[in-house]
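An overview of the molecular structure
Here's the letter readout for the chains.
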Amino acid sequence: MLPAAAVFHFPWEVNSGEVQEGESVRVFGRLVCYQPEESRATLSAQQASKEHRVAVHTLFVEPFNPIIGAQYLVLGEIENTQGVGAMIRARVLNCVDGVNVALLQNAINEQRSFFMERERTSDDAHAT
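Throughout what follows, the structure given in this document is the object of discussion. Predicted model only: the values in this text are computed from it and were never measured. (Residues numbered from 1 in each chain as written. Predicted model: local features only at pLDDT ≥ 70, side-chain atom pairs only at ≥ 80, totals over all residues. Heavy atoms only, no water.)

This brings us to the side chain of Ser44. Looking at the element boundaries, Ser44 is found in strand β3 (residues 40-47). Within the structure, Ser44 has its side chain in polar contact with the side chain of Glu51 (distance 2.5 Å). Residues in contact with Ser44, not counting those within four places in the same chain, are Gly29, Arg30, Val32, Glu51, His52 and Arg53. (Helix = DSSP H or I, 4+ residues; strand = E, 2+ residues; numbered from the N terminus. Polar contact = N/O pair within 3.5 Å; in protein donor to acceptor, adjacent residues only side chain to side chain. Contact = heavy atoms within 4.5 Å.)

Structure, rendered in structure tokens:
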């Protein structure tokens, strides 16, 4: 049996503890820092007026050509690292520069609404 598909999460959700350790996630953000000697990158995203950062462990996707300031999409698992907090162990790291971030956020929210409605409808059908 295949594992569950990774769910899109916003960087502020990863840092707030909404995502459990070991859970597969998809996260996007702008690459603001890459430390090849530590196999660590930092993605950043804005929510309202606040900047949120997410640490990404890049060992499994190296070598890659980092473009500081470009948008990236990461697929991986959450792990809690001492001194860092929640870190994503990247399995896939794609440069998606040029993506309309506001539109992507709207699409993620619409997808969540669709899945919640589908779940509600399914629960109602099983209750009757």
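Another aspect to go through is the pattern of salt bridges. Counting across every chain of the model gives four salt bridges. Between Glu38 and Arg40 there is a salt bridge, with the nearest N and O atoms lying 3.8 Å from each other. Using a relative accessible area of 24% as the deciding quantity, one classes Arg40 as partly exposed. The salt bridge partner of Arg91 is Glu77, with a shortest N-O separation of 2.9 Å. One end of the pair, Arg91, is in strand β6 (residues 85-95); the other, Glu77, is in strand β5 (residues 71-81), with 14 residues separating them in the sequence. (Salt bridge = Lys/Arg side-chain N within 4 Å of Asp/Glu carboxyl O. Buried < 20%, exposed > 50% of the residue type's maximum accessible area, 1.4 Å probe, protein only.)

It is worth spelling out unusual backbone geometry at this point. Of the consecutive residues Glu62 and Pro63, the connecting peptide bond is found in the cis state with omega at 0°. Position of Pro63 relative to the elements: it lies in the loop between β4 (50-57) and β5. Phi is positive for Ser39, close to 50°, though the residue is something other than glycine. Turning to its location among the elements, Ser39 is positioned in the loop between β2 (24-35) and β3. Taking relative accessible area as the criterion, Ser39 reaches 9% and is therefore assigned buried.

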